[in-house]
Protein chains: 4
Amino acid sequence: MKTTPVADAVLKAALDLFASQGYATTSVQQIVEAAGVTKGAMYHYFQSKDDLLFAIYDRILTLQKRRLDEIVAQGGATLDVIRAVCVDVVETSIDLMPEGTVFFRSMHMLTPARNQEVTRRRREYHDEFAALVARAQAEGVVRTDVPRPVLIAHFYSDVHYLSYWYSPSGPESKTEVASQLADLFLRSITVEDG
Amino acid sequence: MKTTPVADAVLKAALDLFASQGYATTSVQQIVEAAGVTKGAMYHYFQSKDDLLFAIYDRILTLQKRRLDEIVAQGGATLDVIRAVCVDVVETSIDLMPEGTVFFRSMHMLTPARNQEVTRRRREYHDEFAALVARAQAEGVVRTDVPRPVLIAHFYSDVHYLSYWYSPSGPESKTEVASQLADLFLRSITVEDG
Amino acid sequence: MKTTPVADAVLKAALDLFASQGYATTSVQQIVEAAGVTKGAMYHYFQSKDDLLFAIYDRILTLQKRRLDEIVAQGGATLDVIRAVCVDVVETSIDLMPEGTVFFRSMHMLTPARNQEVTRRRREYHDEFAALVARAQAEGVVRTDVPRPVLIAHFYSDVHYLSYWYSPSGPESKTEVASQLADLFLRSITVEDG
Amino acid sequence: MKTTPVADAVLKAALDLFASQGYATTSVQQIVEAAGVTKGAMYHYFQSKDDLLFAIYDRILTLQKRRLDEIVAQGGATLDVIRAVCVDVVETSIDLMPEGTVFFRSMHMLTPARNQEVTRRRREYHDEFAALVARAQAEGVVRTDVPRPVLIAHFYSDVHYLSYWYSPSGPESKTEVASQLADLFLRSITVEDG
DNA sequence: AATGAATGAGAGTTCATTCAT
DNA sequence: AATGAATGAACTCTCATTCAT
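Residues numbered from 1 in each chain as written. Chains lettered and ligands numbered in written order. Predicted model: local features only at pLDDT ≥ 70, side-chain atom pairs only at ≥ 80, totals over all residues. Heavy atoms only, no water.

### Topic: the overall build of chain A
Then, number 1: Scanning chain A for helices and strands turns up 9 helices and 0 strands.
Then, number 2: Across chain A, helices and strands are ordered from the amino to the carboxyl terminus as α-α-α-α-α-α-α-α-α.
Then, number 3: On the principal axes, the C-alpha backbone points of chain A span a range of 65 × 40 × 30 Å.
Then, number 4: Residues classed as buried in chain A amount to 50% of the 194 residues present.
Then, number 5: Taking all contacts inside chain A whose residues are at least 6 apart in sequence as the whole, residues at least 24 apart take part in 71%. (Helix = DSSP H or I, 4+ residues; strand = E, 2+ residues; numbered from the N terminus. Buried < 20%, exposed > 50% of the residue type's maximum accessible area, 1.4 Å probe, protein only. Contact = heavy atoms within 4.5 Å.)

### Quick notes on the protein's contact with DNA strand E
Then, number 1: Around DNA strand E sit 26 residues, and of these Tyr 43 of chain A, Thr 38 and His 44 of chain B together with Thr 38 and His 44 of chain C come closest.
Then, number 2: Taking the atoms of DNA strand E that fall within 4 Å of the protein, sugar and phosphate contribute 66% of them.
Then, number 3: Within the backbone of Lys 49 of chain A, a nitrogen or oxygen atom sits 2.9 Å from a phosphate oxygen of DNA strand E.
Then, number 4: Contact distances for DNA strand E include 2.7 Å between a phosphate oxygen and a side-chain N or O atom of Tyr 45 of chain C.
Then, number 5: Those elements that provide at least two residues to the surface near DNA strand E are α3 (39–45) of chain A, α3 (39–45) of chain B, α3 (39–45) of chain C together with α3 (39–45) of chain D. (Near = heavy atom within 4 Å. Polar contact = N/O pair within 3.5 Å; in protein donor to acceptor, adjacent residues only side chain to side chain.)

### Topic: the protein's contact with DNA strand F
Then, number 1: In the vicinity of DNA strand F lie 26 residues, with Thr 38, His 44 and Tyr 45 of chain A together with Thr 38 and His 44 of chain D positioned nearest.
Then, number 2: Counted by atom, the contact set of DNA strand F within 4 Å of the protein is 67% sugar and phosphate.
Then, number 3: Here Tyr 45 of chain A contributes a side-chain N or O atom positioned 2.6 Å from a phosphate oxygen of DNA strand F.
Then, number 4: Counting only elements with at least two residues in the surface near DNA strand F, the list comes to α3 of chain A, α3 of chain B, α3 of chain C together with α3 of chain D.

### Regarding the interface of chain A and chain B
Then, number 1: Counting residues at the interface gives 33 residues for chain A and 34 residues for chain B.
Then, number 2: By the criterion of area lost to chain B, the three top residues of chain A are Tyr 161, Leu 184 and Arg 187 of chain A, representing 22% of everything that side buries.
Then, number 3: At the surface where chain A touches chain B, the tally comes to 2 salt bridges.
Then, number 4: For Arg 143 of chain B, the salt bridge identified is with Asp 183 of chain A, shortest N-O distance 2.6 Å. (Buried area = accessible area lost by both parts, 1.4 Å probe. Salt bridge = Lys/Arg side-chain N within 4 Å of Asp/Glu carboxyl O.)

### Topic: the packing of helix α8 (residues 148–165) of chain D against helix α9 (residues 174–189) of chain D
Geometrically, a packed helix pair is captured by the angle between its two axes and the distance between the axes.
Residue and element names in this part refer to chain D.
Then, number 1: Remark: α8 packs on α9, axes separated minimally by 10 Å, with the N-to-C direction vectors making an angle of 155 degrees. Regarding the angle of α8 to α9, the classification is roughly antiparallel. In this structure, α8 meets α9 at a crossing whose hand is right-handed. Listed contacts from α9 to Leu 151, His 154, Phe 155, Asp 158, Leu 162 and Trp 165 of α8 are Val 177, Leu 181, Phe 185, Ser 188 and Ile 189. (Axes fitted to C-alpha atoms, helices over the stretch in contact; angles between N-to-C directions. Parallel < 35°, antiparallel > 145°, perpendicular 65-115°, else oblique. Left-handed = near helix turned anticlockwise from the far one by under 90°.)

### Thoughts on the environment of Met 107 of chain B
All names here are of chain B.
Then, number 1: Looking at the secondary structure, you find Met 107 in the loop between α6 (97–105) and α7 (112–138).
Then, number 2: Judged by its relative accessible area of 10%, Met 107 falls in the buried class.
Then, number 3: Along the chain, Met 107 and Phe 54 lie 53 residues apart, while their C-alpha atoms are 9.3 Å from each other.
Then, number 4: Setting aside anything within four residues of it in sequence, one finds Met 107 in contact with Tyr 57, Asn 115, Val 118 and Arg 122.

### Concerning the interface of chain C and chain D
Then, number 1: Listed by partner, the interface residues are 33 residues for chain C and 34 residues for chain D.
Then, number 2: The interface formed by chain C and chain D holds 2 salt bridges in total.
Then, number 3: Where chain C meets chain D, there are 11 residue pairs in polar contact (both at pLDDT 80 or more).
Then, number 4: The set of elements that each furnish at least two residues to the side of chain C that touches chain D consists of α6 (97–105), α8 (148–165) and α9 (174–189) of chain C.
Then, number 5: Among the elements that take part in the side of chain C that touches chain D, α8 of chain C stands out by supplying 12 residues, more than any other.
Then, number 6: Looking at the side of chain C that touches chain D residue by residue, the class counts come to 15 nonpolar, 10 polar and 8 charged. (Nonpolar A, V, L, I, M, F, W, Y, C, P; charged D, E, K, R; others polar.)

### What to know about the relation of the copies chain A and chain B
Then, number 1: Placing chain A over chain B gives an RMSD of 0.1 Å and needs a rotation angle of 180 degrees, together with 0.0 Å of translation along the axis. Taken together, the rotation and translation describe the operation of a two-fold axis.
Then, number 2: Residue by residue, 100% of the interface of chain A is reproduced at the interface of chain B, so both copies engage with the same surface. (Least-squares fit on C-alpha atoms with pLDDT ≥ 70 in both.)

### What about the UniProt feature "DNA-binding region" (unreviewed entry) in chain A?
Then, number 1: Summarizing the sequence annotation, UniProt attributes the feature "DNA-binding region" (unreviewed entry) to residues 27–46 of chain A in the numbering used throughout.
Then, number 2: Segment residues 27–46 of chain A splits into 75% helix and 0% strand. End C-alpha atoms: 15 Å apart. (UniProt positions renumbered as here; feature names shortened; annotations may be inferred.)

### Brief notes about the arrangement of the chains
Then, number 1: Chain A makes no contact with chain D; the smallest distance between any of their C-alpha atoms is 12 Å.
Then, number 2: One finds no contact between chain B and chain D; the C-alpha atoms of the two approach each other to within 30 Å at their closest.

### A few points about the relation of the copies chain C and chain D
Then, number 1: For the match of chain C to chain D, the screw axis carries a shift of 0.1 Å, the RMSD comes to 0.1 Å, and the turn is 179 degrees.
Then, number 2: Looking at chain C, 100% of its interface residues are interface residues in chain D too, so the copies touch through the same face.

### A look at the UniProt feature "domain: HTH tetR-type" (unreviewed entry) in chain A
Then, number 1: Those places that UniProt annotates as "domain: HTH tetR-type" (unreviewed entry) correspond, in this numbering, to residues 4–64 of chain A.
Then, number 2: Helix makes up 79% of residues 4–64 of chain A and strand 0%, and the two end C-alpha atoms of the span are 24 Å apart.

### What about the environment of Val 6 of chain D?
All names here are of chain D.
Then, number 1: Structurally, Val 6 can be placed in helix α1 (residues 5–21).
Then, number 2: Through-space distance from the C-alpha of Val 6 to that of Met 42 is 7.4 Å; in sequence the pair is 36 residues apart.
Then, number 3: Excluding its chain neighbours within four sequence positions, the residues that come into contact with Val 6 are Val 37, Ala 41 and Tyr 45.

### Here's the deal with the pattern of salt bridges
Residues and elements named next belong to chain D.
Then, number 1: In this structure the tally under the stated criterion is 60 salt bridges over all chains.
Then, number 2: A salt bridge links Asp 88 to Arg 67; the nearest nitrogen and oxygen atoms lie 2.5 Å apart. Note that Asp 88 is positioned in helix α5 (residues 78–95) and Arg 67 in helix α4 (residues 49–74), a separation of 21 residues in sequence.
Then, number 3: By relative accessible area, which is 10% here, Asp 88 ends up buried.

### Points about helix α4 (residues 49–74) of chain B
Then, number 1: In a regular helix each residue adds 1.5 Å, so 26 residues correspond to 38 Å; α4 of chain B covers 39 Å between its end C-alpha atoms and thus fits that length.
Then, number 2: A positive backbone phi angle near 75 degrees is found at Gly 75 of chain B, which sits one or two residues after α4 of chain B. (Expected span 1.5 Å × (residues − 1).)

### Some details on the domain arrangement of chain A
How big an interface is tends to be expressed through the accessible area that disappears when the partners come together.
Residues and elements named next belong to chain A.
Then, number 1: Considered domain by domain, chain A is made up of domain 1 (1–46) and domain 2 (48–189).
Then, number 2: Facing the 15 residues of domain 1 at the interface are 16 residues of domain 2.
Then, number 3: Regarding the contact of domain 1 and domain 2, the summed buried area is about 1,400 Å², with carbon and sulfur atoms giving 76% of it.
Then, number 4: One can count 0 salt bridges joining domain 1 with domain 2.
Then, number 5: At the junction of domain 1 and domain 2, the tally comes to 5 residue pairs in polar contact (both at pLDDT 80 or more).
Then, number 6: Breaking the side of domain 1 that touches domain 2 down by element, the ones donating at least two residues are α1 (5–21), α2 (28–35) and α3.
Then, number 7: By residue number, the principal contributor to the side of domain 1 that touches domain 2 is α1, which donates 6 residues. (Domains from an automatic or database assignment.)

Okay, structure coming up:
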C-alpha cells in the first residue's frame, strides 16, 4: 500500500472501473491502460488483481471503523450517539460511493482468506453498533418488541442501498440525506413517547 | 423459454451457481455439469449465457409486478395497502432469495439492451409504488417533510438487504420478519398521531 | 489417454520437443504448432502441459514394468533371468530413446503428486530387480562383497546413460549394444569362477 | 568471475537452487533473495542468468580435467592409472554433487555457444581417457571384444548416475563407493586371467 | 434433440533484463 | 558498487460459442 504515482494511478483506475463495470468484467489490461502504466509496473506494486480489490475493502473498512470508534468515544446520550453514527456513516458512504458500490457487489470475488478478513472486520463494526443498540434498549429508549438483528439490518440496509439510488448531483445534498435517513431510522426504532 | 426437463435443469443449476459464486465466476461448463446435460443441449434451448441470467431477472420482475398489481387492485385504506405491499414484497423476496441475490449483484453483467429492459420494468414498479405514497401524503397520513425519493429508497433498501443478512434457517420466520420490517417502515414514514 | 488424431499428434510433438529442448523451454504454443492443431483443441484432450509430460513417464514405466514381469514370469536360472532383463531393458530403452531422454532430465518438473507416483512405480521396479539380485546372491552366483544398492545402481547407470551417448544411426546395433552392456554388467557382478 | 562476497553468495545460491529445482524453474529473483543481494548487484557481476549456469559447468570441467591430467602425469601401470582415474572421478563427483546434478540435467539450457564449449571440453576429457583405454588394450590387459565407445560409456555411466542415487548421508562412504565402483568397472573391462 | 470436438480471442501473471539514479 | 522501478514479450490456461454429425 505504498504511495507512489504509479500505485496511486492504478488504484484509482481500478476503483473507477470496478465500480462501473464490475470486478470480473474489468481486465488488468484495461486498468493499466486507464492508469497509463504498463502491466509490469503494476505487478511491481501489486501481487495480483485481487490486491487491487482488497485495497478498496481495506480503505472503506478502516475509515468506517475509525469513525465509529471516534463517535462512540465522544460519548453522550445513547440515542444521540446512535444518531451521530447513522448520520456519519451515510455521509462517509456518499464520500466513498465508488468504494461502496464495489463493496457490496464484489465480496464474493475476493480470495477466501481475504473474504474472511473482511467478514471479521465487518463483524467488529457490527458488534460495536449492536452494543450501542443494546444499551439503548436497556435504558428503555429503543423498542424491544423487534429482534435486535432486525433493527440492525434495518440500519445497514439504508447504507447499503445508497449506491443504488443516490446521486451526488441530484437534488438532495449529502448532509440532508444523512439527516433524513437518520431521522427515519431513529423514528422506527425508538419507543413511542406518549 | 419453453419448459422442458433440460431447460428447467439448466435454469435451476444456473440460478444456484450464480447466487453462490457470481455470474462471471460461473462457467457454462459448470452449469451444464451441475444440470447433468451437455453444452450442445443447453445451447439448443438458450442462445447465450446471458439468456440464463436474464431469465432470473424476468422471473423476479414478473412476479413482483403481478403481486403489486394484485394488491393495489384489491384496494383499501392507503396505509393498509402500503403495509400489505411491504409485507408481501419481503415474503416474496425471501421465497426468491437466490434470485434476489443475483438480482442486485449482477445487473451490470446483463447486455446493455437487457439492462435497459430491467431498468424500465423496475421503474414501472417504482412509479406504481410512488403513486401509493403520494396518495398517502395527499391524504395527510404520510409525512411530507422528507423528500419522497428518500422515503421510497428507504422502502427498497430493506428488500435489497435481505439476501445479505436473512437466513431461512435462522431464528426469525419469514412471516415475522415481513411484519416487523413493514412495521419499522410504516412507523418511520407515517405522521405522528399526537 | 484416448487415442485420437489430435491427441496423438500432440503427444508426439511434445515428446520430440521435450527431448530436444527440454520441458521448461518448450512452450505449449510450439507444441500445438508442431502438431498442427490449435491450443484449444489440445486443452480439450489434456488438462495441462504437465499432462503431456506425465504421459511420457506413464508410457515408459508401464512398458518397462510389464517387460520385467514377463521375463521374471518365464523363469530360468537366476543369472540368465538377470541377463535377459538387462538385455531387454537396454533394447527397450533404445526403442524409447526420446522418452528416456525426457525421463531422467525432467522428473523435477512434474507436479509433486505425479512425481510421487513416478517414484513409487520406479521403486516397484527397483524392488523386483533387487529381489532377483538377492536370490542370485543367496545362490552364491553373485558377489556379496559389494553392497547390493551399489550393484543395482551399477545396473541402472548404463540404462540411464544410453540417451547421452548412443545413436541408433551409429556403428553399434541395438542388439549388439544390449548384449555387450549385459555382458559387462554380468561380468562385474558375478563371482569369479576360479 | 572475480571473487567478491556478492559474487560468491550469488553463485552459491544459484547452485543450490539449480540443483534442487532445476535451472528453468529458478528465477533470478529467487537467486538474489537466497543470496541476500539485490538484482542490480547481481547484474553488476554477471551479465545474465546463463552466466551463473555456465560458471557451474566451468568449475566442474576445470577441476575434473586437471585431476585427470595430474593422475595421468603421475604415470604407472596403465590399469592402475585407469583405476586411479575411476576412483578419483567418483570421489570428486561426490564432492561436487550439486554441480553434477545440474551438469547432466541442464546442458540443453546453455546458450548454443556455451553448449559447444562444454561439448568441446568434455571431448578433450573423453579423448584423454580413451587413449588410456586404447593403451591398455594394446598392452593386452583390457578386452577388445567390446567396442571401445561402449567400454567408455560404461565408465561414464556410473559417474553420471551418482547424483541420482548416492546420498552422502547414506550407509556407504565416499571412499568405499569409489573403490567399489572402480572395482566393478575394472572387473568388467579387463581380460580374464585364468 | 443432442453431441462434443474445435475455435480463437483474451485472461492474469511471470520474468530476464535495462537504466536512471 | 548498488538500487529497485519499469519494461515488454512471452507464458499457461480459460471460456463462450460454433458446427459437423
